[in-house]
Amino acid sequence: MSSALTDLCRYPIVQAPMAGGASCPQLVAAVSEAGGLGFLAAGYKTADGMYQEIKQVRGLTSRPFGVNLFMPQPGHADPAAVDVYRHQLAGEASWYDTPLGDPDAGRDDGYEAKLAILLDDPVPVVSFTFGCPTRDTVAAFTRAGTYTIVTVTSPEEAQAAQRVGAHAVCVQGVEAGGHQGTHRDDPETGGTGTGLLSLIALVKEAVPLPIVAAGGLMRGSQIAAVLAAGADAAQLGTAFLVCPESGAHTLHKQAMTNPLFVRTELTRAFSGRPARGLVNRFMHEHGPYAPAAYPEVHHLTSGLRKAAAKAGDPQGMALWAGQGHRMARELPAGRLVEVLNAELDAAVASLALRGVAS
């Protein structure tokens, strides 16, 4: 790992920031305590809610951790398309006996207020998703001693991160669970993407920045593969989602290895932005018709998703998952970090022996 990343964590293992509750303080602290780098997800939280969780993490560990921010979104959604989708979801609202949300409930996720808190009381790492921060913002974090990472899904996005002075990039392959962190949501390419190993190579040729690799990683041998491909660390989300410390809903955790859910797809059904999840009834019925409209669709379906969870119905929930979800292991987070590192060491040793034998 690069020296700056080495200072942040003992092992090249990063716990992905999973917005929606999974990345709770208990999970973040457990990962950091074990030698990985835990990440809080500030997305969908108020600025004060984020700050309260930061205080909880600090009370549980003295090790470095990170906070992930959603970038404010431009208002390019077609209101007519959102209205059509609202009418399509009327049956869901009746089924779950809950009203649809207000699509105009907000676009910036409290970004400026969160920046102010993180600059006033800095954390070790801040990462950005759904876009690139300004040069001034990155410079302010650098002065505060905060390491900055920008999520990218293409060489061009990595170059944008380099231009603003980001310290590193999180290279997200199409295999990743949850939202694709593209800087621009293009309706024409919303269901496509580049595989992680190819993307690492493309980004390495485009920029000299350290790389955190993300996308479908579940085993230490896969971590070894992305490190060999040129990454400095590996980020895992789905692998940690099923840990007992995770704040994910029990039904979500169970679905990872439930034989009823056999595959994942990218969909706009729940949020209006491409996101990978387990294919369920809601995704199957509504995915083909969901418009490119984030966060409008997210606001529309928020109550439906909560009602489905309350009713114990995983067929109406957003079951975000990476392509490797069937390999999920219900281990305590700290133990999972240890197992992943042991698998990584074994994979590196095996490769070394093959090199000697040849």
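Before reading further, recall that the structure is shown in the block above.
1. Observations concerning the environment of Pro122
Then step 1. Along the chain, Pro122 falls in the loop between helix 6 (111-120) and strand 4 (125-129).
Then step 2. A relative accessible area of 32% places Pro122 in the partly exposed class.
Then step 3. For Pro122, the residues in contact, after removing those within four places along its chain, are Arg58, Ala144 and Thr146.

2. So, helix 9 (residues 196-206)
Then step 1. Among the residues of helix 9, those classed as buried are Leu196, Leu199, Ile200 and Val203. End-on, the buried residues of helix 9 take up no more than an arc of 105°, which puts them together on one face.
Then step 2. Tucked inside the fold, the buried residues of helix 9 contact strand 5 (147-152), helix 8 (155-163), strand 6 (168-172), strand 8 (211-214) and helix 10 (220-228).

3. A short note on the side chain of Thr148
Then step 1. Position of Thr148 relative to the elements: it lies in strand 5.
Then step 2. Classification of Thr148 as buried rests on a relative accessible area of 0%.
Then step 3. In this view, Thr148 contacts Val126, Phe128, Val138, Phe141, Gly165, Ala166, His167 and Ala168; residues no more than four positions away in its chain are not counted.

4. Here we look at the sheet that holds strand 10 (residues 264-267)
Strands in a sheet are paired, the pairing made by backbone hydrogen bonds, and the direction either parallel or antiparallel.
Then step 1. Read across the open sheet, the 3 strands follow the order 7-11-10; overall the sheet is antiparallel. A single partner strand is all that each edge strand has here, and the edge strands are strand 7 (178-179) and strand 10.
Then step 2. Judged from the 4 bridges that link them, strand 10 and strand 11 (residues 275-278) form a sheet pairing that is antiparallel. Pairing of Thr267 across the sheet is with Ala275, part of strand 11.

5. Things to note about the layout of surface pockets
Empty space among the atoms becomes apparent when a probe as large as a water molecule is rolled across them.
Then step 1. Computed from the structure, the second largest pocket encloses a volume of approximately 350 Å³.
Then step 2. Looking at the second largest pocket, it is lined by 18 residues, and the ones nearest its centre are Gln73, Pro74, His76, Arg184 and Asp185.
Then step 3. Split into classes, the residues belonging to the lining of the second largest pocket amount to 9 nonpolar, 4 polar and 5 charged.

6. Thoughts on the pattern of salt bridges
Should their charged atoms come close, side chains of opposite charge can pair.
Then step 1. Taken as a whole and assessed by the stated rule, the structure comprises 11 salt bridges.
Then step 2. As a salt-bridge pair, Arg268 and Asp185 come within 2.7 Å of each other at their nearest N and O atoms. Taken together, the residues span a long stretch of sequence, with Arg268 in the loop between strand 10 and strand 11 and Asp185 in the loop between strand 7 and helix 9 at a distance of 83 residues.
Then step 3. On the accessibility criterion, Arg268 (11% relative accessible area) is buried.
Then step 4. In this structure, Glu338 engages Arg335 in a salt bridge whose closest nitrogen and oxygen atoms are separated by 3.4 Å. Within this pair, Glu338 and its partner Arg335 are both found in helix 15 (residues 333-357), separated by 3 residues, close to a single helical turn.
Then step 5. On the basis of relative accessibility, which here comes to 41%, the residue Glu338 falls in the partly exposed class.

Conventions we followed
Counting starts from 1 at the beginning of each chain's written sequence and moves along it residue by residue. Whole-chain, interface and lining totals are the exception, using all residues; otherwise, since this is a predicted model, local features are given only for residues with pLDDT of at least 70 and side-chain atom pairs are given and counted only at 80 or more. Excluding hydrogens and water, the side-chain figures rest on all heavy atoms present in the structure. Each helix is a run of DSSP H or I of at least 4 residues and each strand a run of E of at least 2, with the numbering of both proceeding from the N terminus. Burial here depends on accessible area, computed with a 1.4 Å probe over protein chains only, as a share of the maximum for the residue type. Under 20% is buried, over 50% is exposed, and the range in between is partly exposed. The contact criterion used throughout is that any non-hydrogen atoms of two residues lie within 4.5 Å. In this description, the arc belongs to the directions extending from the helix axis to the C-beta atoms. Strand pairing is defined by DSSP finding a minimum of two bridges between the two strands. Using only the protein atoms, space was sampled on a 1 Å grid; points where a 1.4 Å probe fits but cannot get out form cavities, open sets with protein on both sides within 12 Å along at least five of seven lines form pockets, and lining residues are those with an atom within 4 Å of a point. Grid points are joined across faces, edges and corners, and a volume is the space filled by probe spheres set on the points. Amino acid classes used here: Ala, Val, Leu, Ile, Met, Phe, Trp, Tyr, Cys and Pro are nonpolar; Asp, Glu, Lys and Arg are charged; the rest, including Gly, are polar. What counts as a salt bridge is simple: a side-chain nitrogen of Lys or Arg found within 4 Å of a carboxyl oxygen of Asp or Glu.

Honestly, it's all geometry; don't read function into it.
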